[in-house]
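Descriptive structure summary
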Amino acid sequence: MEAVANPRITCAYLNQYVGKNVIIVGKVMQLRGEEAIIDADGNVTAHLNREAHLSAGNGVQLIGKVNPDLSIKVLSSMDLGTGVDYDLANTVVEVSQQYRSLFVYD
Amino acid sequence: MVASQQGSQSQGQGGEKKWANESLRPITIKQLIDCKEAYPKAELAVDGLPTTQVTLVGQIRSINQQTVNVTYRIDDGTGIINVKKWIDADKADSAPSFALDTYVRVYGRLTTWDGRKHVGAHYIRAIEDFNEVNYHLLEATYVHLALTRVAEGGEHQQQGQMGAADGGDGMFVDDGYGGGGGGGGGADSHTIRLRLGPCSRNANAIYRYLANSAGDAQHLNQVAAGTGISVRDILAAADELVNQGLIYTTENDETWAILDL
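All of these numbers come straight from a predicted model, not from anything done at the bench.

A closer look at helix H8 (residues 231-243) of chain B
All names here are of chain B. With 13 residues, H8 should reach 18 Å at 1.5 Å per residue; the first-to-last C-alpha distance of 18 Å fits that figure. For H8, every residue scored as buried is listed here: Ile 234, Ala 237, Ala 238 and Leu 241. Relative to the axis of H8, the buried residues are bounded by an arc of 105° and lie together on one face. H8 presents Arg 232 and Asn 243 as exposed residues on the side facing more than 90 degrees away from its buried surface. Looking one or two residues past H8, Gly 245 carries a phi angle of roughly 75°, positive in sign.

Details of the packing of helix H6 (residues 201-212) of chain B against H8(B)
All names here are of chain B. Taken N-terminus to C-terminus, the directions of H6 and H8 make an angle of 80°; their axes are 8 Å apart at the nearest point. One way to sum up the angle between H6 and H8 is to call them roughly perpendicular. Contacts from Asn 202, Ala 203, Ile 206 and Tyr 207 of H6 reach H8 at Asp 233, Ile 234, Ala 237, Glu 240 and Leu 241. Taken together, the residues of the contact of H6 with H8 break down into six nonpolar, one polar and two charged.

Describing the sheet that holds strand S11 (residues 247-249) of chain B
Within a beta sheet, neighbouring strands are joined by backbone hydrogen bonds and run either parallel or antiparallel to one another. Residues and elements named next belong to chain B. Strand order across the open sheet formed by three strands is S10-S12-S11, with antiparallel pairing between neighbours. Each edge of the open sheet carries a strand with a single partner, namely strand S10 (217-219) and S11. Adjacent strand axes in the sheet meet at a mean angle of 30° when their direction is disregarded. Sheet analysis places S11 next to strand S12 (residues 255-258), joined by three bridges and oriented antiparallel.

Concerning the confidence of the model for chain B
Residue and element names in this part refer to chain B. Confidence in the prediction of chain B, expressed as mean pLDDT, is 76, and 72% of residues score 70 or more. Under a pLDDT of 50 for its full length, residues 1-15 has, in the predicted model, 13 contacts with residues more than four places off or in other chains. With pLDDT under 50 throughout, residues 154-187 is counted as low confidence; its partners more than four residues away or in other chains account for 51 contacts. Predicted complex, confidence summary: ipTM 0.93, pTM 0.69.

About the cut-offs
- Residues numbered from 1 in each chain as written.
- Chains lettered and ligands numbered in written order.
- Predicted model: local features only at pLDDT ≥ 70, side-chain atom pairs only at ≥ 80, totals over all residues.
- Heavy atoms only, no water.
- Helix = DSSP H or I, 4+ residues; strand = E, 2+ residues; numbered from the N terminus.
- Expected span 1.5 Å × (residues − 1).
- Buried < 20%, exposed > 50% of the residue type's maximum accessible area, 1.4 Å probe, protein only.
- Arc of directions from axis to C-beta.
- Axes fitted to C-alpha atoms, helices over the stretch in contact; angles between N-to-C directions.
- Parallel < 35°, antiparallel > 145°, perpendicular 65-115°, else oblique.
- Contact = heavy atoms within 4.5 Å.
- Nonpolar A, V, L, I, M, F, W, Y, C, P; charged D, E, K, R; others polar.
- Pairing = 2+ DSSP bridges.
- pLDDT = per-residue confidence, 0-100.

Below you can see the structure in the form of C-alpha cells.
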C-alpha cells in the first residue's frame, strides 16, 4: 500500500506539475524519432524512452516527469489503439482536479 | 505481538451484519488508502459508510506468485494497493496470468491484516477497452458525490463549507429538495443517512420530498408532480424506502408518510 499518486493531467495543467510524475492520455499527432507530439487538450512534447512503441493516430497513455520546459520525459508508455474517447479522458482530468480528495495527495 | 492480535479482526466480531454494507462500491485506490475504522475493530468506512465489497481498476505493477495465492500490486494513478487472489486448486484458471502494466478490473473484499489494508479478490479480469478505466474513475466520483451529497441534504446543506471549487456539482446530484427543512434532524440524521445511503437516487429524492412537504402523507400523484419522477419509478423507489423502514403506507398503498424514528 503506497500513497503515491501520478495525477492525470492535460496540457493545460503542465505548469502546475513541473518536476512531478504525471499520467497523460492523448492522441499521437507526430512521431520524430525520440520525440513525439501528443494532443491532450493541447499539444504536449514527449521525449520517449527506448521501449516506447507509439503509432501516429493512436491513443497513448504516458507516465512521465514534467520538465521545466513543460515537455514530458517519458518513463512508461502504453498504446491504447484507436477507440479512445478523448473527451472522456479530458473530463476525467477536470473531475479529478475538482474532487482532489479522491485522486491526489495535497 | 500486537500485530498478531489485530490479525483476525476483520471478520466475525459483531453478530449483526448489515446487508447494506455488502453492496459493491466503485472506488479509487486513494479512497482505500485514506479510509479508516470509525473506532478500533469497526469496519473500514469510506465517506462514513462501512465498505467491504469494492471494485477498482488499475495497472499491475508487480506480481508475486506463491503456492496458495498471488499478490498483485495495482496502481490506478491515485495510489498503489496489494490485491490478493487465492488460488483454487480445483479450478484450472482461478489465478489467470497477466502481463505487467496490463489494466485490470478487480472485484473484491477490503480487508485489514496486521493493520495493513489489502483487497481479497473474488475476480480479476483484463480490461479490453481503455475507456472503462476513465468510466470507472467517473463512476467512483459519482458514487462519492451521491453519498456525501445525500448526507448533507439530510442534515443541513452547508454550501459554504465545500468552497467555491464545488460550484459545478449540479451536474451530478440535483439539489432540488435538499435545502430547507432537512430530514429527521439531530441525533436521528446519522441513522437516516446510513439507511438512505444504499437506496437509489430516486428513493433519496422522494424521501427528501416527503420530508420537506407540508402535511403528513403524500399521494403518489403529489409525489410525481413534486419530484418529476415517473409513477413507475416512484412505486419502485417507495418500495425500497418502505423496506428500509424509512416511510410507511397510510390510507392506501399509494400514499406514504415518513416514519419518525
